[in-house]
Amino acid sequence: MADVKITSVTKKFGDVFAVNNFNALIKDGEFVSILGPSGCGKTTMLRMIAGFERATEGEIAIGDQVVSKISEGIFVPPEKRHIGMVFQSYAVWPHMNVFDNVAYPLKIQKVPTDKLKERTEQALDLVHLAEYAARFPNQLSGGQQQRVALARALVAEPSLLLLDEPLSNLDAKLRESMRFEIKDLQKKLGITVVYVTHDQAEAMAMSDRIVVMHKGVIQQVDEPIRVYEHPANPTVADFIGLVNFLEGEAAAGQIKFKALDCSIPAQVSFEGPARVAVRPEHIRISKTDGYLRGKLVNKFYLGDSTDCRVLVGDTELRVIDRGAAFAEYSDGEDVFLSFGHVMAFPK
Amino acid sequence: MGKKWLPQWDTKWILILSAVASLVVFVVLPMLFLVYKSFIINGTLDIKHYQTVYSKAVNWNALSNTLKVSLYSTALSVLISFPLAWLIGRTDLPSKGFFRTLFVATYMIPPYVGSIAWIQLLNPRVGYVNKFLVETLHLAEAPFNIYSMTGMVWCLTLFYAPFAFITISRAMEKMDPTLEEASRVSGASPLRTLWNVTIPLMYPSILAGGILVFIGVASAFGTPSIIGMPANIEVLTTRIVTYIYMGDTKGIQEATALAVSLMLAANGLLYLSMFGLGKKEYVTIGGKSTRPNLVELGKWKWPAFSVVMGYGAISVFLPISSILVTSLIKSMSRPITWDNLTLSTWKAAMENSQYTEPLMNSFILAIGAATIATIIGIFIAYLLMKTKAKGRKIPDALATLGGATPGIVIALALIITFSGSFGLNLYSTMTILIVGYVVKYLTMSVRTISASLSQVHPSLEEAALNSGASWLQSLRDIMWPLIRPSVVAGWFLVFMPSFYELTMSIILYGSQTKTIGVLLYELQTYADPQDASVLAVIILLIVLVGNLALRKVSRGQIGI
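First, a word on scope: everything that follows refers to the structure included in this document.

Reading the values: rules and limits
Chains are numbered independently. Their residues run from 1 in the order of the written sequence. Here chains are named by letter from A upward and ligands by number from 1 upward, in the order in which they appear as written. In keeping with the model being predicted, local features are shown solely for residues with a pLDDT of at least 70 and side-chain atom pairs are shown and tallied solely at 80 or more, while totals for entire chains, interfaces and linings include all residues. A run of DSSP states H or I qualifies as a helix once it reaches four residues; a run of E qualifies as a strand once it reaches two. Both are numbered from the N-terminal end. Think of it this way: DSSP has to see at least two bridges between two strands before they count as a pair. To obtain an axis, a line is fitted to C-alpha atoms, over the contacting stretch when the element is a helix, and the angle between two such axes runs from 0 to 180 degrees between their N-to-C directions. It is the C-beta atoms, placed from the backbone, that decide contacts: two residues are in contact if theirs lie within 7 Å. Side-chain classes follow a simple rule in which Ala, Val, Leu, Ile, Met, Phe, Trp, Tyr, Cys and Pro form the nonpolar group, Asp, Glu, Lys and Arg form the charged group, and the remainder, Gly included, forms the polar group. Here the word oblique covers every angle except those under 35 degrees (roughly parallel), over 145 (roughly antiparallel) and from 65 to 115 (roughly perpendicular). Helix crossings get a hand from a simple test, with the near helix turned counterclockwise from the far one by less than a right angle marking a left-handed crossing and a clockwise turn marking a right-handed one. Working rule for helices: expected span equals 1.5 Å times residues minus one. With C-beta atoms placed from the backbone, a residue is labelled by how many other C-beta atoms lie within 10 Å of its own: buried for 20 or more, exposed for 12 or fewer, partly exposed between the two. For this quantity, the arc is that covered by the directions from the helix axis to the C-beta atoms. As used throughout, a nonpolar core is a set of buried Ala, Val, Leu, Ile, Met, Phe, Trp, Tyr and Cys residues joined through C-beta atoms within 7 Å of each other.

## Describing the environment of B:Phe422
Working step 1: Inspection of the secondary structure assignment puts B:Phe422 in the loop between α17 (407-417) and α18 (430-453).
Working step 2: Linking B:Phe422 and B:Ile483, residues 61 residues apart in sequence, is a C-alpha distance of 37 Å.

## Concerning the sheet that holds strand β14 (residues 262-265) of chain A
All names here are of chain A.
Working step 1: Within the open sheet, the five strands sit side by side as β14-β13-β12-β15-β21. Their pairing is antiparallel. Both outer strands of the open sheet, β14 and β21 (342-346), are each paired with one neighbouring strand and no more. Across the sheet, the axes of successive neighbouring strands diverge by a mean angle of 40°, strand direction being ignored.
Working step 2: Here three bridges tie strand β12 (residues 244-251) to strand β13 (residues 254-257), and the two strands are oriented antiparallel to one another. Along β13, the bridge assignment pairs Glu249 with Lys256.

## With respect to the environment of A:Pro77
Working step 1: Residue position: A:Pro77 is located in the loop between β6 (74-75) and β7 (83-86).
Working step 2: Along the primary structure A:Pro77 and A:Ala50 are separated by 27 residues, whereas in three dimensions their C-alpha atoms are 8.4 Å apart.

## Some details on the interface of chain A and chain B
Working step 1: Contact with chain A, which involves 20 residues of that partner, is made by 21 residues of chain B.
Working step 2: Elements represented by at least two residues in the side of chain A that touches chain B include exactly β7 and α2 (98-108) of chain A.
Working step 3: Top element by residues in the side of chain A that touches chain B is α2(A). It accounts for three residues.
Working step 4: A per-class count over the side of chain A that touches chain B returns 13 nonpolar, five polar and two charged.

## Thoughts on the packing of α2(A) against helix α4 (residues 142-154) of chain A
Residue and element names in this part refer to chain A.
Working step 1: At a closest axis distance of 7 Å, the pairing of α2 and α4 adopts a crossing angle of 25°. Between α2 and α4, the crossing angle belongs to the class labelled roughly parallel. With respect to the hand of their crossing, α2 and α4 are arranged in right-handed fashion. Contact residues: α2 offers Val98, Asn101, Val102, Tyr104 and Pro105, while α4 offers Val148, Ala151 and Arg152.
Working step 2: Residues belonging to the contact of α2 with α4 are distributed by class as follows: six nonpolar, one polar and one charged.

## So, the sheet that holds strand β20 (residues 334-339) of chain A
Residues and elements named next belong to chain A.
Working step 1: In space, the five strands of this open sheet follow the order β16-β20-β17-β18-β19, with antiparallel pairing throughout. Edge positions in the sheet fall to β16 (283-286) and β19 (315-322), since each of these pairs with one other strand and no more. For this sheet, the mean inter-axis angle between neighbouring strands, taken without regard to orientation, is 45°.
Working step 2: As paired strands, strand β17 (residues 292-301) and β20 are joined by four bridges and run antiparallel to one another. Bridge assignment links Lys295 to a residue of β20, and that residue is Asp334.

## Things to note about helix α3 (residues 113-126) of chain A
Residue and element names in this part refer to chain A.
Working step 1: Compared with an ideal rise of 1.5 Å per residue, which puts 14 residues at 20 Å, α3 spans 20 Å between its outermost C-alpha atoms and is within 8% of the ideal.
Working step 2: Among all positions in α3, only Thr120, Ala123 and Leu124 are buried. Along α3, the residues classed as buried sweep out an arc of 100° about the axis, all on the same side. Exposed residues lying more than 90 degrees from the buried face of α3 are Asp114, Lys115 and Asp125.
Working step 3: Directly after α3, the chain includes His128, whose backbone phi takes a positive value near 60°.

## Quick word on the nonpolar core
Residue and element names in this part refer to chain B.
Working step 1: Ranked by size, the top nonpolar core spans 253 residues in total, and within it Ala259 and Leu412 carry the most contacts.
Working step 2: In terms of residue count, the dominant contributor to this core is helix α7 (residues 149-174) (16 residues).
Working step 3: Discounting chain neighbours no more than four positions away, the residues touching Leu412 are Leu34, Ile240, Ile244, Ala255, Thr256, Ala259 and Ile507.

Structure representation (structure tokens):
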């Protein structure tokens, strides 16, 4: 098992910074996701850990071994890093059957035949594919191919497992069940995992910590709940979950909304102009009391929740509540709003 | 209204059916008639023609030579093309873009023009390379003799290898690079990855490219004729032409039997490969296009560059320079110096109507063939991609069949079919040449146009019809602007090979319809290397210009 130490890693493609000054310490046995929109540099970072890209600057160490430090001319090629990796496209070799695919890393290590067979079967058992050993990839579903890729990545008992958007090619239902399966597997094996995804639900569900990236720069490294409830900046707040933004003024124990001529109580660590973010499920609507006055524009019943829009001043706020909430309200009605959890950022 | 047996008897279907009908008359009928003629004597099934043909040692020899030359050239082409395609597509070899263009462009050098160049270089008496080596190394005799089996295989390999190179490098570009990365991360070195993953995955396209080379070489006439014949090495195509040139019924009958053998071999092989590969074709296109991880050649970078550069120099630069220099030289017996160069050969050739007439003929024929193939191609491609008619794939298959059939077979089939047998006598006319070119190269325009038609969403046409346009109006206002670049590209893809075509022309031309290919062949055979070089340079120039135009209209998407 191993920790991963990434120090000041930068990757430039021409003049463009794909990754800019990335620092992270991933602990032994930890499940860390790198989350961000497409093009944020998360895959490039993962490929640098794997050894498919060379960092322009900085140092990457896996366990005790420095695998990349260009300033000292150190670069360990992918095949010498002893890591497992699962690719978005599965990358299951179509000309080998399931057994041969999974056994390949052991074959490279020249593991004796009987031991190779035993360990390959164990890996296949782990992903519930034991009875598919003789099949070829084109006879498997996408989910099964994904499991083959997972077994292949795990068979050599690597200290580190990298996953590059492994679930994004699967359908929604399968994606959810694979989430739990991968998480269970990681717990069982105690392996260190770096998981790249643009799907925040995936990252929230599986990770011990999430690294949020935007335009090549780390925005926040935190536990899922912290990232959601206490985003480091408006970018993170906007990317994770739904959010309404308002312009306000922070003062002791409260935030003033000058344009709306009202204020709400809030614990804010600074004073002065603020961007205020509030999530739709943290807004309460009432006919009688609240801090802000608004007009219900419209509402949409979605089965498990109701999604509605309320006009406050000239800002439209999105409000979501469970089930058939707001049934007693009608479009165009004047309402009062109060905010539960408020996030404020200095401007 | 009752049920109609035709989908809709309107302009659209009249035009499409006319295109299909022309295919039936000019592809299906001649081919069937050729087979019929070879098996049916006086109304009964008889294999006498085959018995006669294959009772002669010379024909057996020709058959075995065809197989030998094709096998050797195919094996060599693959052995050269795979490493080239890998170096260019998968490693950090310097100047990769230049090399790719260079090796793909070799495809546009007509093989017989390349062979003429190599005769100039490796002729045992006067070849430039031989003379140079004899003088510098003080050899007693010339080290190379182009007039040999080796010489033939050498030329055919150099000029048919691009078929394999194009096929293999396309497949390599399409391959999901993560398949290789998965191997690296599993602990395999780059070389091991090449061996365990890349080569097995490339296997179907290696086979497909190899088969293209094999069929191309087996159908080639020019090179075996100008290199093999002087060394008394005969192949099937040269035998067929010899039989046809005998001019009598018996000659034609034996030519027919040989031609059917060649046709069955070529088309059978192609069919087998499509059928066999159909199942094995690996779908290796990945989920997202990652920047392919290039193999770092390290200390092998510059040695590899030198080898690739050397191959480029030998396969492209050397032959083209040879032709160019020969066309400009004053006296072949004196060394190549600036004051031994002149434009007088060019001037004389340009003023000689025996040269300019075939040049004009080839222009007219190629323009005619390209235009007709484009018009037919539009309707066949439309039928294939934009209708739901039953059997819509058949006309496309017929066009492919024409493309895969050896030119010599097409020519012979056209001669026996349209020399009055069916009330149509095209013998020695421009028309029969155009028909031959269209049959052989129609597939180029159909393929190019259907590729772009498949990009046009059906709703675009439906919206036009819905707005009140007739089918012809929607074709003109909606379809045409969208597919125009590919239609023009398809036109050039027919024009260029038609312009320099030799194999069919040598059989189909008449005294008034000589083509530049035939003229070049005659000049080479009657040993006038300087005039031959002038014509060869003209052909190369025209093809080069055509190719540049092609790249321009297709915005770099299509180019040979």
